[in-house]
Amino acid sequence: MPAYHIWTEGCQMNVADSAKLAAGLGLLGYEPVSRPQEADLVVVNTCVVRQAAEDRALSKLVEINGEQEMEAVTRDLLAAIERAA
C-alpha cells in the first residue's frame, strides 16, 4: 500500500487543509507514515502569506530531498502560486 507524509507549517487553516488532504489520501488507499523517508508521497503544506513559514517550508524540502533537485521544483511551484494570485 502506498504511504504518505504531510508536514504542515502555518496557521489553523493549514492544519485543517492537511487533515482534509490526509482524509482524501486515505480514501485513495494511502497510509500515513511518520517519516518522509518512508513515504511514496511527501506533502509540504505551508502558508505563503508569511515569509518565515515559506522559508521553513523551503528548508524542509531541501532536508527531505536534497538541494539541487528540489530547488527547481519549488521554484516552479512558487511561480505557479504567484501567477494564480
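Cut-offs used in this document
Residues numbered from 1 in each chain as written. Predicted model: local features only at pLDDT ≥ 70, side-chain atom pairs only at ≥ 80, totals over all residues. Heavy atoms only, no water. Salt bridge = Lys/Arg side-chain N within 4 Å of Asp/Glu carboxyl O. Buried < 20%, exposed > 50% of the residue type's maximum accessible area, 1.4 Å probe, protein only. Helix = DSSP H or I, 4+ residues; strand = E, 2+ residues; numbered from the N terminus. Expected span 1.5 Å × (residues − 1). Arc of directions from axis to C-beta. Contact = heavy atoms within 4.5 Å. Polar contact = N/O pair within 3.5 Å; in protein donor to acceptor, adjacent residues only side chain to side chain. Pairing = 2+ DSSP bridges. Axes fitted to C-alpha atoms, helices over the stretch in contact; angles between N-to-C directions.

1. A few points about the pattern of salt bridges
Under the definition given, this model contains one salt bridge. The closest approach of N and O atoms between Glu38 and Arg35, which form a salt bridge, is 3.6 Å. Looking at Arg35, the relative accessible area reads 43%, which means it is partly exposed.

2. Digging into helix H1 (residues 12-27)
Along its 16 residues, H1 runs 23 Å from first to last C-alpha, staying within 8% of the 22 Å computed at 1.5 Å per residue. Among all positions in H1, only Asn14, Ser18 and Leu25 are buried. Each buried residue of H1 sits inside an arc of 40° when the element is viewed along its axis, so together they form one side. Residues of H1 that are exposed and point more than 90 degrees away from the buried face comprise Gln12, Met13, Lys20 and Leu27. In this structure, the buried side of H1 is in contact with strand S1 (3-9) and strand S3 (41-46). Once H1 ends, the next one or two residues include Gly29, with phi positive near 95°.

3. Description of helix H2 (residues 51-65)
Helix length check: H2, at 15 residues, gives a terminal C-alpha distance of 21 Å against a target of 21 Å (1.5 Å per residue), a fit within 8%. Among the residues of H2, those classed as buried are Ala53, Glu54, Ala57, Lys60 and Leu61. Projected down its long axis, H2 shows its buried positions confined to an angular sector of 120°, all on one face.

4. A few points about the environment of Val33
Tracing the chain through its elements places Val33 in the loop between strand S2 (31-32) and S3. As for Val33 and Pro2, which are separated by 31 residues in sequence, their C-alpha atoms are 9.9 Å apart. If near-sequence neighbours (up to four positions away) are discounted, Val33 is found in contact with Ala3, Tyr4, His5, Glu38 and Ala39.

5. A few points about the side chain of Ser18
Looking at the element boundaries, Ser18 is found in helix H1. A distance of 2.6 Å separates the side chain of Ser18 from the side chain of Thr8, its partner in a polar contact. In this structure the side chain of Ser18 is engaged in a polar contact, spanning 2.8 Å, whose partner is the side chain of Asn45. Excluding residues that lie within four positions of it along the chain, Ser18 makes contacts with Ile6, Thr8 and Asn45.

6. Some details on the sheet that holds S2
Read from one edge to the other, the open sheet built from three strands follows the order S2-S1-S3, with strand pairing classed as parallel. The open sheet has two edge strands with one neighbour each: S2 and S3. Bridge count between S1 and S3: six bridges; the pairing is parallel. Bridge pairing in S3 links Ile6 to Val43. Contacts from H1 reach S1 and S3 within the one sheet, and its direction differs from that of S1 by about 170°.

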